[in-house]
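Structure assessment
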Amino acid sequence: MNINEIAKEALLKFKSKGYVFTPNEYEDEFCKAAKKHKVIIEDCNKISKYIAKLDKKYQVIAKNYNIRNLDELILFLINYLNRINPQKEKKSLEELFLYTKRVLDVIVVLPFAKSRHIAIKHLDFLNPNLTKKEFSKLREEWIDFLDKFDNRVIQKAKHITGVESEDCIEITEALLEKLEEMPKLDFLVDSIIYTLSPSYAPFMNDEIAMIKRQLKNDSSFIYTKAFAEDLKILTNKRIKLDKEELKRKIKDLDKIAERLSIKILKILKKTDDSSNEIKNITVEIQNWRHDAENFESIKQKLINIAKSIDGELNNFHCEIKKEDEEIKKLKEKIHFLEGKLKKLATEVKTDYLTNIANKKAIEDELKKNESAYNRYNTNYSVVFFDIDHFKNVNDTYGHDAGDVILKSLGLLFKRYARDIDMIGRFGGEEFVAILPNTDKNGAYKFAQKLREIVQKTKFMYKNTRIPVTISGGVAERKEVNSKEEVLKKADERLYLAKNSGRNRVCAEDKCK
């Protein structure tokens, strides 16, 4: 249907009613007919275009008024312009800036260097005439500060002192009291680790790394009976490994000595005749004055012996050189195979798609943390993540898009996890984070932070933005009886989060 037919239909409607219409009424009826027949008329959409140019706040209000024509739009704008009180807004703005200045004054005296530096800098140029861009820049600095803020030092101090407080002053005072009670033992850590490190056999890296981490976290652990037992076990293991490695090296040296002995015996065997000849030559040299003609023959024999010995030595040197080349090739081959073995060991514990830890690596890390928990009562937490509506992503954008999302999440998780944390792909669209020495509250904050980062991140595939959110379940070791149960509890809370609306994290059996 064309414009003429739409116009005719509108006129017939008024004619059938016997009604005299105004231009605005005709325009309304005309646009209704065009919309009914799905014909796009630019003049019919001008009110929507004008409203789209308003501030978002006024767009929402205008939508509620159901504005149909230009007169209604102008009336709406006049009403809201009349309501504006510039003097009142200016006063509110001045109050807001005064309040902001007072907040910054308070932040300046807090014992946090980074926030104090930002607050002082902002106080220098804070004024009511800042542009939107300048406001945005100030806000971004605070957001960046919050993203990078790390309270691990406070958590460590709380763990050492046993004080459950969020007040830094209380924690610091308790820490000072703790330090006054016992001598500082950090200087012993490196010496202890040095005594445990094998001289010949570097095969205790994991055990040494674990006890070093424990000592660095809490040097008072040196006083415990468990540490004495561990020290004795590791020392005996180091001695045993060194003896075995030294025995193996001596065995290799014995083989080399045996081969050298065989070579020397071969040379001696070949020179036995020469030795007899040398004895005969000695006798002839003693009597050479009596028989001058024999001097030349003795001389020739000496030359022949020298040539024979020189030839044997040259042959021996060539054989040694040849064997050295074979040994060099063997060493290069061993070095190549060791590199491949190291690479394969890494690949065995790395997820092929996301390039982060795979399920096996997660299970191994869980065993290590469980061992630390059983020995030293070191708590840890587990977070189970799952991508919301991931099947819809694959169905809508294709499996290649799904792979891009998984890779991107792997990079995000790797970037925002701590060095001591492990986060890996458990399977499909599920990820698991293991957080050593972290209670459920700390793990919940970590999971919420990752959830918010994922929600704000723009995931792109072929110039199309794909909205992605994740849900999470949190559990700590202290609330269950085994490592299997802590993983199961986190998984149950993940599904509770998904059933409660997704894009959320649950750390309790009743999700908020």
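Values in this document were obtained by computation on a predicted structure and should not be read as measured data.

1. Here we look at the pairing of strand S2 (residues 422-427)
Of all the six residues making up S2, five are buried; the element is thus mostly covered by neighbouring parts of the structure. Judged from the five bridges that link them, S2 and strand S3 (residues 430-436) form a sheet pairing that is antiparallel. For Met422, the partnering residue across the bridge sits in S3 and is Ile434.

2. Notes on the confidence of the model for the protein
Per-chain confidence: the protein averages 77 in pLDDT, with 75% of residues scoring 70 or above. Confidence over residues 288-295 falls short of pLDDT 50; this stretch has one contact with residues more than four positions distant or in other chains.

3. Looking at unusual backbone geometry
Although it is not a glycine, Lys462 sits at a positive phi angle of roughly 50°. Summarising the element assignment, Lys462 is placed in the loop between strand S4 (459-461) and strand S5 (464-466). The class of Lys462 is exposed, set by a relative accessible area of 66%. Positive phi, normally seen in glycine, also occurs at Asn463, with a value near 65°.

4. Focus: the packing of helix H18 (residues 399-416) against helix H19 (residues 440-456)
Interhelical geometry of H18 versus H19 gives an angle of 135° and a closest axis separation of 11 Å. Comparing their axes, H19 and H18 come out oblique. Read as a crossing pair, H18 and H19 show a hand that is right-handed. Seen from H18, the contacting residues are Leu409, Leu412, Phe413 and Tyr416; seen from H19, they are Phe446, Lys449, Leu450, Ile453 and Val454. For the contact of H18 with H19, the residue count by class is eight nonpolar, no polar and one charged.

Criteria and cut-off values
Residues numbered from 1 in each chain as written. Predicted model: local features only at pLDDT ≥ 70, side-chain atom pairs only at ≥ 80, totals over all residues. Heavy atoms only, no water. Buried < 20%, exposed > 50% of the residue type's maximum accessible area, 1.4 Å probe, protein only. Helix = DSSP H or I, 4+ residues; strand = E, 2+ residues; numbered from the N terminus. Pairing = 2+ DSSP bridges. pLDDT = per-residue confidence, 0-100. Contact = heavy atoms within 4.5 Å. Axes fitted to C-alpha atoms, helices over the stretch in contact; angles between N-to-C directions. Parallel < 35°, antiparallel > 145°, perpendicular 65-115°, else oblique. Left-handed = near helix turned anticlockwise from the far one by under 90°. Nonpolar A, V, L, I, M, F, W, Y, C, P; charged D, E, K, R; others polar.

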